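# Observations on chain architecture
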Amino acid sequence: MPLGLVAGWSCAVCGAHVDVAESMVWRCPNATDSDRHHALQMVQAIAPLRGGDDPNPFVAFQRYLAWDSFAAANRMTEEARTAMLRKLDSDIASVAGIGMRTTPFARADELSDALGFTTDGGVWVKDETGQVGGSHKARHLVTILLHVLTAESLGVSPWTTVSERPPLAIASCGNAAFAAGVLARAVDWPLRVFVPPHADPAVLSGLRDLRAEIVECPRRDGDPAGDPCMHRFREAVAGGAIPFTVQGTENAWCLDGGRTIGWEMARQFEESVVGPPLDRLYVQVGAGTFAACVAAGIRMGGAMPKLHAVQTDSCAPLRRAWDNAARLGGSAVAASHWSECMWPWENVGDSAADGILDDETYDWLPVMRAMDGGGSPIVVGETHVDEANKLARKTTSVNASHTGTAGLAGLMATIDEIDPSERVAVVFSGVSRSS
Ligand SMILES: Cc1ncc(COP(=O)(O)O)c(C=O)c1O
Ligand SMILES: [Zn+2]
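Residues numbered from 1 in each chain as written. Chains lettered and ligands numbered in written order. Predicted model: local features only at pLDDT ≥ 70, side-chain atom pairs only at ≥ 80, totals over all residues. Heavy atoms only, no water.

### Here's the deal with the overall build of the protein
On a plain count of helices and strands, the protein comes out with 17 helices and 13 strands. Here the protein has a C-alpha radius of gyration of 20 Å; the compact-globule value for 435 residues is 22 Å, and the two agree. Expressed along its principal axes, the backbone C-alpha trace of the protein runs to roughly 60 × 55 × 45 Å. The buried share among the 435 residues of the protein stands at 57%. Pairs at least 24 apart in sequence give 72% of the contacts found in the protein among residues at least 6 apart. (Helix = DSSP H or I, 4+ residues; strand = E, 2+ residues; numbered from the N terminus. Rg over C-alpha atoms; globule rule 2.2 N^0.38 Å. Buried < 20%, exposed > 50% of the residue type's maximum accessible area, 1.4 Å probe, protein only. Contact = heavy atoms within 4.5 Å.)

### Some points on the site of ligand 1
Not every one of the 15 residues close to ligand 1 is listed here, only the nearest: K137, G286, A287, G288 and S429. In the environment of ligand 1, an oxygen atom lies 2.8 Å from a nitrogen or oxygen atom belonging to the backbone of A287. For ligand 1, an oxygen atom lies 2.9 Å from a polar atom in the backbone of F290. Protein chains shield 94% of the accessible area of ligand 1, which is 390 Å² for the free molecule. Tallied by class, the residues present in the shell around ligand 1 amount to four nonpolar, ten polar and one charged. (Near = heavy atom within 4 Å. Polar contact = N/O pair within 3.5 Å; in protein donor to acceptor, adjacent residues only side chain to side chain. Areas by Shrake-Rupley, 256 points an atom, 1.4 Å probe, with all protein chains shown as cover. Nonpolar A, V, L, I, M, F, W, Y, C, P; charged D, E, K, R; others polar.)

### Points about helix α2 (residues 66-73)
In an α-helix, one turn spans 3.6 residues, which is why side chains three or four residues apart end up on the same side. Most of α2 sits out of view: seven of its eight residues are buried. Taken together, the buried positions of α2 are occupied by A66, W67, D68, S69, F70, A71 and A72. Where the residues of α2 are buried, they touch β1 (6-11), β3 (40-44), α3 (78-96), α5 (137-154) and α9 (254-257). Just downstream of α2 lies R75, where phi reads positive at about 65°.

### Thoughts on the pairing of β1
In terms of residue burial, β1 counts as a mostly covered element, since five of its six residues are buried. Pairing between β1 and β3: five bridges, direction antiparallel. Bridging across to β3, C11 finds its partner in L40. One ladder, built from three bridges, connects β1 with strand β2 (residues 17-19); its direction is antiparallel. (Pairing = 2+ DSSP bridges.)

### Some thoughts on the layout of surface pockets
Its boundaries defined by the atoms lining it, the second largest pocket holds a volume of some 600 Å³. Around the second largest pocket, the lining is made up of 24 residues, and of these Q41, M42, Q44, A296 and R299 lie nearest the centre. Of all the elements in the fold, those that place two or more residues in the lining of the second largest pocket are β3, α11 (289-300) and α15 (364-371). Residue contributions to the lining of the second largest pocket peak at six residues, all from α11. Looking at the lining of the second largest pocket residue by residue, the class counts come to 16 nonpolar, four polar and four charged. (1 Å grid on protein atoms, 1.4 Å probe; cavity = no way out; pocket = protein on both sides within 12 Å on 5 of 7 lines; lining within 4 Å. Points joined across faces, edges and corners; volume = space filled by probe spheres on them.)

### Some points on the sheet that holds strand β10 (residues 280-284)
In space, the six strands of this open sheet follow the order β4-β5-β13-β10-β11-β12, with mixed pairing throughout. Single-partner strands in this sheet number two, and they are β4 (105-107) and β12 (376-380). Across the sheet, the axes of successive neighbouring strands diverge by a mean angle of 25°, strand direction being ignored. In this sheet, strand β13 (residues 423-428) lies alongside β10 in parallel orientation, the contact comprising three bridges. Within β13, the residue paired with L281 across the bridge is A425. (Axes fitted to C-alpha atoms, helices over the stretch in contact; angles between N-to-C directions.)

### Let's talk about the packing of aromatic side chains
For the structure on display, the rule yields nine aromatic pairs. Between W338 and W364, the aromatic rings sit 5.5 Å apart at their centres with planes inclined by 75°, giving edge-to-face as the arrangement. Linking W338 in helix α14 (residues 338-341) with W364 in helix α15, this pair joins segments that are 26 residues apart in sequence. Overall, the relative accessible area of 5% leaves W338 in the buried class. W364 gets classed as buried once you look at its relative accessible area, which sits at 0%. Each member of the aromatic cluster is reached from another via a ring pair, and the members are W9, F70 and W253. Above the face of the W189 ring, R165 is positioned so that its terminal group lies 4.0 Å from the ring centre. A cation over an aromatic ring shows up here: R433 above the ring of F178, its NZ or CZ 4.8 Å from the ring centre. (Phe/Tyr/Trp six-rings, centres within 6.5 Å; stacked < 30°, edge-to-face > 60°. Lys NZ or Arg CZ within 6 Å of the ring centre and 35° of its normal.)

### Let's talk about the coordination of the zinc ion (ligand 2)
When a metal carries six donors in an octahedron, the ideal angles between them are 90 or 180 degrees, while four donors in a tetrahedron ideally lie at 109.5 degrees. Coordination of the zinc ion (ligand 2) by the protein involves C11 (SG), C14 (SG), C28 (SG) and H38 (ND1), with metal-donor separations of 2.1 to 2.3 Å. Coordination at the zinc ion (ligand 2) is tetrahedral, judged from the four donor atoms that bind it and the angles of 99 to 117° they form at the metal. As a motif over one chain, the donors of the zinc ion (ligand 2) read C-x2-C-x13-C-x9-H. In this pair, C11 is assigned in strand β1 and C28 in the loop between β2 and β3, connecting sequence segments 17 residues apart. Note on accessibility: C11 and C28 belong to one class, buried. (Donors = N, O, S within 2.8 Å, 3.2 Å for Na, K, Ca; no water. Tetrahedral: all angles 85-135°; square planar, octahedral: opposite > 155°, others 65-115°.)

Below, the structure is given as structure tokens:
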């Protein structure tokens, strides 16, 4: 009988299976440098979603985490697992001032009025700006960190002493890098951050304060197409670094903790809102990891709203993939037509929502599937990106970035297509650091 709810992973493309007990397996075993078109998805038992009332979602929803099943399968007792969650959280709090927290999710009355919703309907805002690191990114990274801490403490890691720890590696110069910096510092684990040559100096100085090693990545002669930071990151991982990344295709374990936000939303809505469930969910999409996790988490709560994945017209590879897959037979066949559906956006433009300009929607497959059943991708122009942020500021007290309010831009761009009595959710996913 399995010890935990999660049995392991299976690849949506080639069907390979990875048992949950296996340590330090980050990608499909059949993925190679020349064939990255593989995507591990979680295999888990169906269980009603019940959260405890602990303010730390990783404790409240411990039994649903793949990490919990991994540690249990490697004979760590339940008490030891909870103790590890609490220890990590107090280490995080000693660096960030706060631990991982359940964030607010409530109807935004003024915003709902401004958009013409009736009192039955409205917009519910999940405010993630007060999370550790100022965005949802730490949620994804915590389960990778728990995995390596557990492997180390149980003696199933390739290193034996703390001084032999391989570095954590991430390619980012935004919220994800910052969250990685806070978490790595909390446990004194060396972190290498691969950044573009013109990264924001404020972010870099914040990372240096957290003692991260910054690796600038200009394009090199002979580099293949694509982001040079990703090339250097992948080289580091090939050399033994731990992919401390928020792309499920580079490390599936980030898909685990990311779901805590969806679990919270499902429980909070059910416990505090009378009447029908959510009709729609608008989520901003860069790598797609966030939308995949929000959707997976909410679905475990029972009622799955229509998912609208929001990108800007500066970079919209997901809508292109959706249209191409529709011609080939829909999301059900997308995995076997990866190259014909998803490839890097050729000329990425600028946007104030700069956190969703990933040229490739790495975790596109789970987002495509989550949009089945009436959802759709939405592409917004810069006017809506700006207007959404202004409206969010005017009608709520949340100091969110343009990336953080880009889901709302998707709602505003399509407001004429929905009924004013519908109930919709958005996530203000990141704080604005510029004001
Ligand atoms: C605040 C914020 N929201 C949303 C996203 C998009 O998440 P993903 O890249 O997983 O699609 C990002 C990514 O950087 C972000 O920083
Ligand atoms: Zn595979």
